[in-house]
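Survey of secondary and tertiary structure
Residues per chain are reported as follows:
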Amino acid sequence: GKSKGAVKEIATLRKFLHKNQSQTFTDRSVKRLFDTIQIYWKSETVDRDTKEALLEDALKMPFSLFSAKQKNSMLKGLEELRVPDCSNSTVTTSPSAPATQLLAVIDLDEDTKTMTLMQNETGDTYDHVPLPEESSKAICDAFRNEENVVSVEAVVEGEQVQRMDRFVVES
């Protein structure tokens, strides 16, 4: 069966990550934190959704906490978690129509009314994306609450976000 203890420990770890985003840790502490996250995401006793949530939270941590190498490792782990599920039907889009993607809001500058978006699967980021005027206040309010994960549905062509259709808030 699945371990209820591990799920509870992961919930505690996720809360710790949320609350300590601006803290500075010693290299040894960061290594221990990363090793702990790695143990959980590779554990057979933890369900996939819990592992995904942990990795997503860890990836939202600033680069001052986890190095690019550690984040890349976590991104690979997240991709591996998402790949084996063959129960989802694959949707093919014609190459002429750019697909809508869900991009995570990882930074927001209310002064310049711009945000940084990240494609969760690839880790690609899009900087200085203008906030959509009609939902600017709602996105800012949702992003300010650290419990929320704010994403936008956007159409990306090349390196540019062409348009945003809607935003999604998960808490």
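Structure: see above.
Keep in mind that this is a model prediction, so the values were computed, not measured. (Residues numbered from 1 in each chain as written. Predicted model: local features only at pLDDT ≥ 70, side-chain atom pairs only at ≥ 80, totals over all residues. Heavy atoms only, no water.)

With respect to the sheet that holds strand β5 (residues 160–170)
Here is the rule we go by: DSSP-based pairing: two strands are paired if at least 2 bridges between them are found. Working definition: helices are DSSP H or I runs of at least four residues, strands are E runs of at least two. Numbering for both runs from the N terminus. Angles run from 0 to 180 degrees between N-to-C directions of axes, and those axes are lines fitted to C-alpha atoms, restricted for helices to the stretch in contact. Whether two residues touch is decided by their heavy atoms; if any such pair falls within 4.5 Å, the residues are in contact.
Strand order in the open sheet made by the five strands is β3-β2-β1-β4-β5, with antiparallel pairing throughout. In this open sheet, the two strands that pair with only one neighbour each are β3 (125–130) and β5. Averaged over neighbouring strand pairs, the angle between their axes works out to 40° when direction is ignored. Summarising the sheet, strand β4 (residues 149–157) and β5 pair through nine bridges and their orientation is antiparallel. Bridge pairing in β5 links V150 to V169. Seen against the sheet, helix α5 (residues 136–144) touches β1 (100–109), β2 (114–119), β4 and β5 and runs at an angle of roughly 70° to β1.

Topic: the nonpolar core
Operational definition: As used here, the term nonpolar core means buried Ala, Val, Leu, Ile, Met, Phe, Trp, Tyr and Cys residues forming a set that is joined through side-chain atoms within 4.5 Å. Each residue is assigned to one of three classes by its accessible area relative to the maximum for its type, calculated with a 1.4 Å probe on protein chains only: buried under 20%, partly exposed between the two thresholds, exposed over 50%.
Of all hydrophobic cores here, the largest spans 22 residues; its most connected members are L17, I37, F66 and M74. At the level of elements, α1 (4–19), α2 (27–42), α3 (48–59) and α4 (68–82) are the ones that each hand at least two residues to this core. Looking at this core element by element, the count peaks at six residues for α2. Beyond its immediate sequence surroundings of up to four residues, I37 is in contact with L13, L17, L54, L55, A58, F66 and M74.

A short note on the layout of surface pockets
Keep this limit in mind: Cavities and pockets were defined on a 1 Å grid built over protein atoms only: a cavity is a set of grid points that admits a 1.4 Å probe from which the probe cannot escape, a pocket is an open set flanked by protein on both sides within 12 Å along at least five of seven lines, and lining residues are those with an atom within 4 Å of any such point. Grid points are joined across faces, edges and corners, and a volume is the space filled by probe spheres set on the points.
Of the voids in this model, the largest pocket is the one considered here, and its volume is about 340 Å³. Around the largest pocket, the lining comprises 16 residues; the ones closest to its centre are Q21, K60, I106, F143 and N148. Elements represented by at least two residues in the lining of the largest pocket include exactly α1, β1 and β4.

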